[in-house]
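Secondary and tertiary structure notes
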Amino acid sequence: MSNFRFLSVLTVAPLVGALVVAFLPRRRPELAKQVAFAWSLLVLVLSVVMWVSFKAGGDRFQFRESYTWIPNWGVSFTFAADGIALVMLMLIAVLVPLVILASWHDAESSKRSIPVYFALLLILESTMIGVFAAADVFLFYVFFEVMLVPMYFLIGSYGGHQRQYAAVKFFLYSLVGGLFMLAAVIGLWVVGGKTFDWQALSQVDISTGTERWLFLGFFLAFAIKAPFFPFHTWLPDAGGAAPAGAAALLVGVLDKVGTFGILRYCLPLFPEASKWFAPWALALGVIGIIYAALLAVGQNDLKRLVSYTSIAHFGFIGVGIFAFTTQAGTGAVLYMLNHGLATGLLFLVVGMLVARRGSALISDFGGAGKLVPVLAGVLFFAGLASLALPGTAPFISEFLVLIGTFTVNKPVAVIATLGIILAAAYVLWMVQRTTQGTLNPALTEVDGMRRDLSLREKVVVAPLIALIVLLGFYPKPVTDVINPAVQATMDDIGRTDPPPSVGGTVQEAAK
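What you are looking at is a predicted structure, and each value in this text was computed from that prediction instead of being measured.

Quick notes on the rules
Residues numbered from 1 in each chain as written. Predicted model: local features only at pLDDT ≥ 70, side-chain atom pairs only at ≥ 80, totals over all residues. Heavy atoms only, no water. Helix = DSSP H or I, 4+ residues; strand = E, 2+ residues; numbered from the N terminus. Expected span 1.5 Å × (residues − 1). Bend = angle between axes of the 7 residues up to and from the residue. Core = buried A, V, L, I, M, F, W, Y, C linked by side-chain atoms within 4.5 Å. Buried < 20%, exposed > 50% of the residue type's maximum accessible area, 1.4 Å probe, protein only. Contact = heavy atoms within 4.5 Å. Pairing = 2+ DSSP bridges. Polar contact = N/O pair within 3.5 Å; in protein donor to acceptor, adjacent residues only side chain to side chain.

**Brief notes about helix α13 (residues 271-297)**
- Compared with an ideal rise of 1.5 Å per residue, which puts 27 residues at 39 Å, α13 spans 37 Å between its outermost C-alpha atoms and is within 8% of the ideal.
- Considering bend angle alone, the principal kink of α13 is centred on A278 and spans about 50 degrees; proline P279 follows within four residues of it.

Below, the structure is given as structure tokens:
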């Protein structure tokens, strides 16, 4: 199977499935859902086979394939995956079928085409796979921009309150970031010998001033996409207005394109500029952790609260990346995966709760656990995972980020640790106000609040809970894949870890 063209097949397969689903009759919505779900399972199976075929101790980039696209510009359909990309591809493959199941009835209230809704989810899956699999800078840029289109329509056509405003704001922010990156891509092509191939560009020697400007062009696009403070204001609006399933993919996967882009493009292609900008990036990460956590504490909207928690978590990922240690880097990549699982679960469960109540306002709940105890229990678990409780997967990644940062920058690690305390405040406050305490009499008058988790909904949350617990106790299968890619990235920028006596190895920290 090592010669199978996994990445191109995985990129094209959801797009073909989307075309099939989109042209199904509108009067057959159940068939559209079933076909979309089956197609996403096919992608999951292929992704699992690819994971098994990946050799953790082998070449840095595997499953490489290239097809000429625009020869005069040096553009090719080039795909390749290292350990970082592979982990993100598996996250997509796991989340999309669960999101489709969770979204079984989401499109019905919009009065719009149900087949188109599920086709958009598959198109989004195709573009997400493409952006992580691309090994050509221009191809990456194309997927980076095209990815906006299906999410724009998912928010603007199928979202909730202020969906048009949120969709336009999301699109404009991302488009502006994309324009900065386009300018940098063109500049890189000029100074890099008129090629877009990542491996060739990684060997180019760029002058200091030019490198810094190119770095900033890429970084601004990725900082907006992540988002990092102060480019974050689009996320609460988009996350609050999007359907729960689309929001889970937005904060669970799409935002990771920003941090992935920094790891794949900013650090290896512009190593000196990355080191020059690192203190500023660390400052932005720490500010984002504290600022977003404080805003989350004050939220009365469940979906906006979860969106602000994601901004705080991305601060941790940013700190882990720019600490420039293998421990912190591995923790950052692991955080990208674990955040996708934990926050994806939290958004899906919040969506189930909001759908039953007909409101996302925390003040409209109170004591809901007495009516839907299983749903309340899953919400509590998802909240504990989000605040990185020991025994859950996010704890391992957060611990690696903090210990890896502490070995080289103690003040940043200490300040970032305050975010853990604030996380406990906003998560426990949310759970207490929604599911605990005295039962709100208004809930007894809502028919939906008398329905606990259905079998379909249990199938949605069970795999995520299992993965969060499994990776919380045994992250080694994932860290073994991530470590070589992170170490290679550290080598690209010429950074080595402190002596083991100071911080220990990644494996020791993971234990």
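What follows picks up the thread again.
**Side note on the nonpolar core**
- Counting 194 residues, the largest nonpolar core has F140, F218, L267 and F322 as the members making the most contacts within it.
- In this view, L267 contacts I262, S274, I321, F322, F324, T489, M490 and I493; residues no more than four positions away in its chain are not counted.

**Overview of the pairing of strand β1 (residues 62-70)**
- Strand direction decides the pairing type here: β1 and strand β2 (residues 75-81), joined by six bridges, are antiparallel. Looking at β2, one finds that S66 is bridged to T78.
- In sequence, β1 turns back onto β2 through a hairpin of four residues, with G74 there showing a positive phi of about 70 degrees.

**A few points about the environment of A93**
- With respect to the secondary-structure elements, A93 resides in helix α3 (residues 83-102).
- On the basis of relative accessible area, A93 is assigned to the buried category, the value being 1%.
- Expressed as a C-alpha distance, the spacing of A93 and L42, which sit 51 residues apart in the sequence, is 9.2 Å.
- With residues near it in sequence (within four places) discarded, A93 still touches V43, L44, S47 and E125.

**Concerning unusual backbone geometry**
- A226 connects to P227 through a cis peptide bond whose omega is -5 degrees.
- Looking at the secondary structure, you find P227 in the loop between α9 (208-225) and α10 (234-241).
- The residue after F229, namely P230, is reached through a cis peptide bond having omega 5 degrees.
- Counting through the fold element by element, P230 comes out in the loop between α9 and α10.
- Positioned with a positive phi, F324 is a non-glycine residue whose angle comes to about 60 degrees.
- Tracing the chain through its elements places F324 in the loop between α14 (302-322) and α15 (326-357).
- Of the residues examined, F324 reaches a relative accessible area of 3% and is grouped as buried.

**Looking at the side chain of S359**
- Among the structural elements, S359 can be located in the loop between α15 and α16 (373-386).
- Residue classification places S359 among the buried positions, given a relative accessible area of 13%.
- Here the side chain of S359 touches L361 through a polar contact of 3.2 Å, landing on its backbone nitrogen.
- Within the local environment of S359, its side chain forms a polar contact with the side chain of D364, the two groups lying 2.6 Å apart.
- Setting aside its immediate chain neighbours within four residues, S359 contacts V354, D364 and F365.

Structural measurements only, silent on function.
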